[in-house]
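Residue-level listing of the chains:
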Amino acid sequence: MKLKQPILKTLFILLLISSCNKKEEQAPWTDLIMKEDLDNWNIKGGTATYKNENGTIIGTTAANTPNTFLCTNKNYTDFILELDFKVDPVMNSGIQIRSNSLPYYRDGMVHGYQVEIDPSKRAWSGGIYDEKRRLWLNPLKENTAAQKAFKQNEWNHYRIEAIGDTIKTWINGVPAAHLIDDKTSEGFIGLQVHGIGKHKDRLGKQTMWKNIKILTTDFEKYSKKSPLKPIITKNKLTYQEKRSGWKMLWDGKTTNGWRGAKLDMFPEKGWSIENGELIVADTGGAESTAGGDIVTTKEYSNFELKVDFKLTPGANSGIKYYVDTELNKGPGSSIGLEYQILDDALHPDAKLGSHEGSRTVCSLYDLIKADPIKRLKPIGEWNTAYIKSINNHVEHWVNDVKVLEYERGSDEFLKLVSESKYAKWPNFGLLEKGQILLQDHGDKVSFRNIKVKVPKPKKKK
């Protein structure tokens, strides 16, 4: 019997679908919901309740509690995750991935990437939020197809791929988010029951999850391409940073906005720009003898500053602020308050200083020792320095944890200066405004994601 062309076409499509389904079935998935228990999970954060009913995890809101998370006992790095969820229309929830709860970070608060569950009119389900850190990274503001894909009061399906520095999401088969960001590479998976605050009408509301499965191998075979243009955070402002007034202090490509501390232009040697990194060369470890320090062309008074830095073994450098390049025209570095950057284990400077420990990494150089319990990533990996100076109150942070604070001009500050190498410089550290400096100390150190925020002046009444 000769089959007609439309029938042949239909049979071919059915065979293709069957083949794809068979391939998917053969993928080495691991189920994360086992039997009728939650033995592979633990609760962090608040006191909302979770139970497993026939393979469906049901989370129920509770009064007087912050966000609660049901978290995997196991941490994951690269993976493909699929699951189904249903959320009450008045609630908000999310899937934590590569997340952590660390005693030194806000008393163990859960933080990390969250794939949003958002049944509100905004409909950003599938977007990527950074819980208790940078907030929105990949909202769905421009992705109307994904916004429309969410089904109210029904089960929805997520596919989440976290491979290397790339996170991709789909909601009900529709591409939702595509993020390239390398802040965190490992952590647990968590199911969020959002706190209800003063909304008593939300007490007892439920969010449900089922069919949670994970793939941790064969990504080349099973990963899917996303048609979305990725949101890249390297040397870019995040959605939230733009909204809150941050500006890029270095564009990641050129020397615009910077010059040599003792030059009218950017140094012709000793510094390079490679792969979005601003790199000071290894020239033997001497202070400011090769390319020399570089400074911003603008001056800053009140400010917040963020800089990612990466050390090589034994390296020394620094981030200075309230710098006046006219103060020291001779040999050595320009003068200013300094956030020390150092390999404490290998560089001898860590054991020196006018005040014990004041030349260790993150310290206020030669003046104030940073908290010795500093959670730095290993040499060769990126760390984030944050300096905040508002109305003479100054704070040093590293990787989102504060390590010291002081008051410029206070009696205690002036005493420390008088006992330091800076005693010979009149009014050291007291400038109303100054430049920001990256130091050339003759060791290879890399910088990126250099951002500044200047508070808006208060309107006079």
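Structural data are supplied above this passage.
Figured I'd write up the structure that's included with this text. (Residues numbered from 1 in each chain as written. Predicted model: local features only at pLDDT ≥ 70, side-chain atom pairs only at ≥ 80, totals over all residues. Heavy atoms only, no water.)

Topic: the overall build of the protein
How we decide: Secondary structure elements are taken from DSSP: a helix is a run of H or I of four residues or more, a strand is a run of E of two residues or more, and numbering for both begins at the N terminus. For each residue, the accessible area found with a 1.4 Å probe, counting protein chains only, is set against the maximum for its type, and the residue is called buried under 20%, exposed over 50%, and partly exposed in between. We call two residues in contact whenever any of their non-hydrogen atoms come within 4.5 Å of each other. For the accessible areas, the method is Shrake-Rupley and the probe is 1.4 Å, while residue cover comes only from the protein chains on display. We score Asp and Glu as negative and Lys and Arg as positive, and we do not count His or the chain ends. Lysine's charge is taken at NZ, arginine's at CZ, aspartate's at CG and glutamate's at CD.
Helix and strand counts for the protein stand at five helices and 29 strands. For the protein, the spread of C-alpha atoms along the principal axes amounts to about 95 × 60 × 50 Å. Classification of the 461 residues of the protein by burial places 52% in the buried group. Summarising the internal contacts of the protein: among those between residues at least 6 apart in sequence, 67% fall at separations of at least 24. Element-wise, carbon and sulfur atoms account for 52% of the exposed surface of the protein, whose accessible area totals about 23,000 Å². For the protein, the distance from the average site of its 69 positive side-chain charges to the average site of its 58 negative ones is 7 Å.

Concerning the nonpolar core
This is how the line gets drawn: The definition of a nonpolar core used throughout is a set of buried Ala, Val, Leu, Ile, Met, Phe, Trp, Tyr and Cys residues joined through side-chain atoms within 4.5 Å.
Counting residues in hydrophobic clusters, the biggest one holds 48 residues, and the most contacted among them are Ile319, Leu367, Phe447 and Ile450. The greatest single-element share of this core, amounting to five residues, is contributed by strand β22 (residues 303-311). For isoleucine 319, the residues in contact, after removing those within four places along its chain, are Leu305, Val307, Leu337, Glu338, Tyr339, Ile341, Ala385, Ile387, Ile436, Leu437 and Leu438.

So, the sheet that holds strand β5 (residues 68-72)
Stated precisely, the cut-off is as follows: For two strands to be treated as a pair, DSSP must find no fewer than two bridges joining them. Only C-alpha atoms enter the line fits that serve as axes; for helices the fit covers just the stretch in contact. Angles between N-to-C directions range over 0 to 180 degrees.
With respect to topology, seven strands assemble into an open sheet ordered β2-β5-β14-β7-β8-β9-β10, the strand pairing being antiparallel. Unpaired on one side and paired on the other, β2 (41-44) and β10 (135-138) mark the two borders of the sheet. For this sheet, the mean angle separating the axes of adjacent strands, direction not counted, is 30°. Here three bridges tie strand β7 (residues 93-100) to strand β14 (residues 188-193), and the two strands are oriented antiparallel to one another. Counterpart to glutamine 96 in the pairing with β14 is glycine 190.

As for unusual backbone geometry
Residues other than glycine seldom take positive phi values, yet arginine 106 does so here, at roughly 50°. With respect to the helices and strands, the residue arginine 106 is situated in the loop between β7 and β8 (111-117). Judged by its relative accessible area of 45%, arginine 106 falls in the partly exposed class. Of note, the phi angle at leucine 135 is positive, near 65°, even though the residue is not glycine. Along the chain, the position of leucine 135 falls in strand β10.

Some points on the pattern of salt bridges
The condition that has to hold: When a carboxyl oxygen of Asp or Glu lies within 4 Å of a side-chain nitrogen of Lys or Arg, that pair is called a salt bridge.
All told, the structure shown has 25 salt bridges when counted by the stated rule. For aspartate 182, the salt bridge goes to arginine 448, with nearest N and O atoms at 3.0 Å. Of the two residues, aspartate 182 is situated in the loop between β13 (174-180) and β14 and arginine 448 in strand β29 (residues 445-453); the sequence distance between them amounts to 266 residues. Arginine 448 sits in the buried class, given a relative accessible area of 6%. Taking the shortest distance from any N to any O, the salt bridge between aspartate 366 and arginine 359 comes out at 3.0 Å. We note that aspartate 366, like arginine 359, is buried. A cluster of three or more residues bridged by salt bridges with shared partners is formed by Glu82, Arg159, Glu161 and Lys168.

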